[in-house]
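# Inside the fold
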Amino acid sequence: MTVDVSKPTAEIQPTMYGIFFEDINFGADGGLYAELVKNRSFEFPQPFVGWVPFGNVSVQSEKPCFERNPHYVRVVNDGRLLRAGLDNEGFTGIGLKEGEEYRFSVYARTPDAAPMKLSVELVRKDGSNPLKKTVEVKGNEWQKQTVILKSPFTDAHARLRIVLETKGTVDMDHISLFPVKTWKGRENGLRADLAQALYDLNPGVLRFPGGCIIEGNSLATRYQWKKSVGPVENRPLNENRWNYTFKHKAFPDYFQSLGLGFYEYFLLSEDIGAEPLPVVSCGLSCQYESNEVVPLDELDPYVQDALDLIEFANGDVNSTWGKVRAEMGHPAPFNLKMIAVGNEQWDKVYVERLEVFTKAIRGKYPDIKVIGSSGPSASGDKFDYLWPEMKRVGVDLVDEHYYMKPEWFLENAKRYDSYDRKGPKVFAGEYAAHDYPTGKANNLYAALSEAAFMTGLERNADVVHLATYAPLFAHVDAWQWNPDLIWFDNLRMMRTPNYYVQQMYGMNAGTDVLRLQMNGEPVAGQDSLYATAALDAPTGEVILKLVNVGSKPADVKINFNGLKKHRIVSGTCTYLQNDDWKAVNTLEQEKLVPRVRPVQVEGQSLELQLPERSFGVYRLQM
Ligand code: AHR
């Protein structure tokens, strides 16, 4: 192989390797969003979902605490019943860790105005309840009460119990329990371990909130960002697109509290150093579900939502939506640079609507990049007409999705070599290798096929500007889709080998592509090898990414043309390797993790033996 270090061929965008977050597989409520109470506002269609009431407990809506979440519970202890109160089961249990603190809060009032005592208890799976704290409620106006509970035990399937200890009546709403230690210690925050895993990917972009989520099972249940900002208690519940009751009969309890809303998504982007990339509804509901279409002459409110979103992110504090952002705690703009319109919509009705959005966004915000969708273009010719249409409409990027077999990824490492250089750029917005014979496992084979494919993304960095694996998260006890990048339960999480591939790219993106060839060709499958080379201008390092999907080690000699100092000084190799194609990580053990070793330096060239079934990232100081 030869690497020409004298003349980079293309710039690698800092946004190149990113993440795509969608509330699927209980990725938000029950996952990244650290709230431990399910249905905290009693707004599910069956208001006791998640709760086990005991004694005299009813759901009311008169004189509510929150206008957009009007239901609350009334608990009555008339002295005859032994107990009155309710348990919350969390999301397949509440995960508590011994010695950790949890913030319990409730909005409560006593309709009779007499002071009442509630006991707040952490209950083990076996029913024992070693921790109780008392909360006093006084007066018939709604008031927030907060108490910190230090858990004396560890249990992935604990419960929260609230008991009315005194005779009388108490109304309660927005009953919440959060770990005190959230990501960056924020109230209404994120699960620290899961957010840390995102930060550790060093992502260049964060696409949110979907996916199909943005489209909704129906237009009425599409994701509406305006409902997801402002005080968290007053954000209305929305049916999750992955609540399958519409056509299937699964996950009827999947709703979005919107506690993780657009403000939190922007904040997360900022925290992890990723460019925010929100997706808005284009006026079409999910094509796999109701497939509703907003007539063109009724599209204005949808377009206005997109324009207002840009104002929410970037407007000054005196603008209508900039003021909302400032009041939420972020007067500085979020510096939004791009917005995507629609998701996996590919009929002509989509193009007509995209055109309206693009004109309106360009008219008001000419610097904002607009991203269109080509649908799952890997599925074949059906979508071929979309690229010329995207070019005609003049979008900046096109979002392509492909959930395909590992072999497809290997065969498509040259996919972008022949893409039009004069049209919109590519956003590989959703992709993952689905290894069907192993039940679409997150195994080494899938991960290495993705690593091989990504050499083609990097080689074509002049046309591919963003790439995000999908989906990101899955709860081991409640998922609809696999494979996924990160799996978790109520206490632990596991990074898949696919995660480590993404991390190895994200941490070693480099700034410019260098020409790397074998016998005058890009290295894209010859002898089971895939490779790409980049320069990292700030450090002066050359970064090689080498994938061997063969079952034998490969001896490789790499010559460097155009070396200034005529020799390589030092180097390291970060590599992922295993002898078993089917190897996976588990919550108990991550056996597939990248390891680092020094690289032997040979002057002007590098002789390496690439282990079988491996992906290696070589950073070489020249
Ligand atoms: O990532 C899961 C789903 O796959 C996304 O919501 C959708 O865009 C695609 O069909």
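Our subject is the structure that appears above.
My aim in this report is to walk through the structure given alongside it, one point at a time. Everything numeric in this text was worked out from a predicted model, so none of it was measured. (Residues numbered from 1 in each chain as written. Predicted model: local features only at pLDDT ≥ 70, side-chain atom pairs only at ≥ 80, totals over all residues. Heavy atoms only, no water.)

## Side note on the sheet that holds strand E25 (residues 486–488)
Quick reminder of the rule: Strands were regarded as paired on the criterion that DSSP finds at least two bridges between them. Each helix corresponds to a stretch of at least 4 residues labelled H or I by DSSP, and each strand to a stretch of at least 2 residues labelled E; elements are numbered beginning at the N terminus. Lines fitted to the C-alpha atoms define the axes, with helices restricted to the stretch that makes contact. Angles between their N-to-C directions range from 0 to 180 degrees.
Taken in spatial order, the three strands make up an open sheet running E24-E25-E26, and their pairing is mixed. The outermost strands of the open sheet, each flanked by one partner alone, are strand E24 (473–475) and strand E26 (493–495). Adjacent strand axes in the sheet meet at a mean angle of 20 degrees, parallel and antiparallel pairs treated alike. Two elements, E25 and E26, share three bridges in a ladder whose sense is antiparallel. Counterpart to Ile486 in the pairing with E26 is Arg495.

## Focus on the nonpolar core
Quick reminder of the rule: Definition of nonpolar core: a set of buried residues of the types Ala, Val, Leu, Ile, Met, Phe, Trp, Tyr and Cys, connected through side-chain atoms within 4.5 Å. Partly exposed describes any residue whose relative accessible area lies between the buried limit of under 20% and the exposed limit of over 50%, with all areas from a 1.4 Å probe on protein chains only and scaled to the type maximum. Residue contacts are counted whenever heavy atoms from the two residues lie within 4.5 Å of one another.
Within the largest apolar cluster, 141 residues are counted, with the highest numbers of intra-cluster contacts made by Leu32, Leu198, Leu457 and Ile486. Among the elements that make up this core, the one with the highest residue count is helix H9 (residues 444–459) (ten residues). Dropping the residues within four chain positions of it, Leu198 is found in contact with Ile19, Leu32, Pro203, Leu268, Ile272, Leu472, Phe473 and Ile486. Formed by 33 residues, the second largest nonpolar core is a distinct cluster that contains Val73, Leu96, Leu131 and Leu149.

## Describing the site of the ligand
Under the convention used in this document: Being near a molecule or strand, for a residue, comes down to having at least one heavy atom within 4 Å of it. Polar contacts, as counted here, are pairs of nitrogen or oxygen atoms within 3.5 Å of one another; within protein the pair requires one atom able to donate a hydrogen and one able to accept it, and residues that are adjacent in sequence qualify only if both atoms are side-chain atoms. Surface accessibility follows the Shrake-Rupley procedure with a 1.4 Å probe radius. Residue values consider only the protein chains on display as shielding.
Taken together, Glu22, Gly211, Cys212, Trp242, Asn343, Glu344, His401, Tyr403, Glu430, Pro471 and Trp481 form the complete shell of residues around the ligand. A distance of 2.6 Å separates an oxygen atom of the ligand from a polar atom in the side chain of Glu22. Interatomic distance of 2.8 Å between a backbone N/O atom of Cys212 and an oxygen atom of the ligand. Protein chains shield 97% of the accessible area of the ligand, which is 280 Å² for the free molecule.

## Here's the deal with the packing of H9 against helix H10 (residues 497–506)
Put simply, the rule reads: Convention used here: angles under 35 degrees read as roughly parallel, angles over 145 as roughly antiparallel, angles from 65 to 115 as roughly perpendicular, and any remaining angle as oblique. Note: crossing handedness is left-handed where the near helix turns anticlockwise from the far helix by less than a right angle, and right-handed where it turns clockwise. Throughout this entry, Asp, Glu, Lys and Arg are counted as charged residues, while Ala, Val, Leu, Ile, Met, Phe, Trp, Tyr, Cys and Pro are counted as nonpolar. The remaining residues, Gly among them, count as polar.
It is at 8 Å that the axes of H9 and H10 come closest, and there the two elements cross at 25 degrees. On the basis of the axis angle, H9 is roughly parallel to H10. The handedness of the crossing between H9 and H10 comes out as right-handed. Of the residues in H10, those in contact with Leu444, Ala446, Ala447, Glu450, Ala451, Met454, Thr455 and Glu458 of H9 are Pro497, Asn498, Val501, Gln502 and Tyr505. Here the contact of H9 with H10 is composed, by residue class, of eight nonpolar, three polar and two charged.

## Structural notes on the pairing of strand E18 (residues 275–280)
With respect to burial, E18 is a largely interior element, five of its six residues being buried. The sheet contact formed by strand E15 (residues 205–208) and E18 spans four bridges and is parallel. Within E18, the residue paired with Leu206 across the bridge is Pro276.

## A closer look at the pattern of salt bridges
Operational definition: Salt bridge, as used here, is a side-chain nitrogen of Lys or Arg placed within 4 Å of a carboxyl oxygen of Asp or Glu.
For the structure on display, the rule yields 36 salt bridges. A salt bridge links Arg392 to Glu355, with the nearest nitrogen and oxygen atoms 3.1 Å apart. Here Arg392 is found in helix H7 (residues 386–393), whereas its partner Glu355 is found in helix H6 (residues 348–364), with 37 residues between them in sequence. A residue is classified by how much of its surface remains accessible, and Arg392, at 47% relative accessible area, is partly exposed. The partner of Arg459 in a salt bridge is Asp417, with the nearest N and O atoms 3.2 Å apart. Pair noted here: Arg459 is in helix H9 and Asp417 is in the loop between helix H8 (406–411) and strand E22 (425–433), with a separation of 42 residues, a long-range link. Residue classification places Asp417 among the partly exposed residues on the basis of a relative accessible area of 30%. Bridged by salt links that share partners, the residues Lys38, Glu89 and Asp253 form one connected network.

Don't take any of this as a statement about function, it's just geometry.
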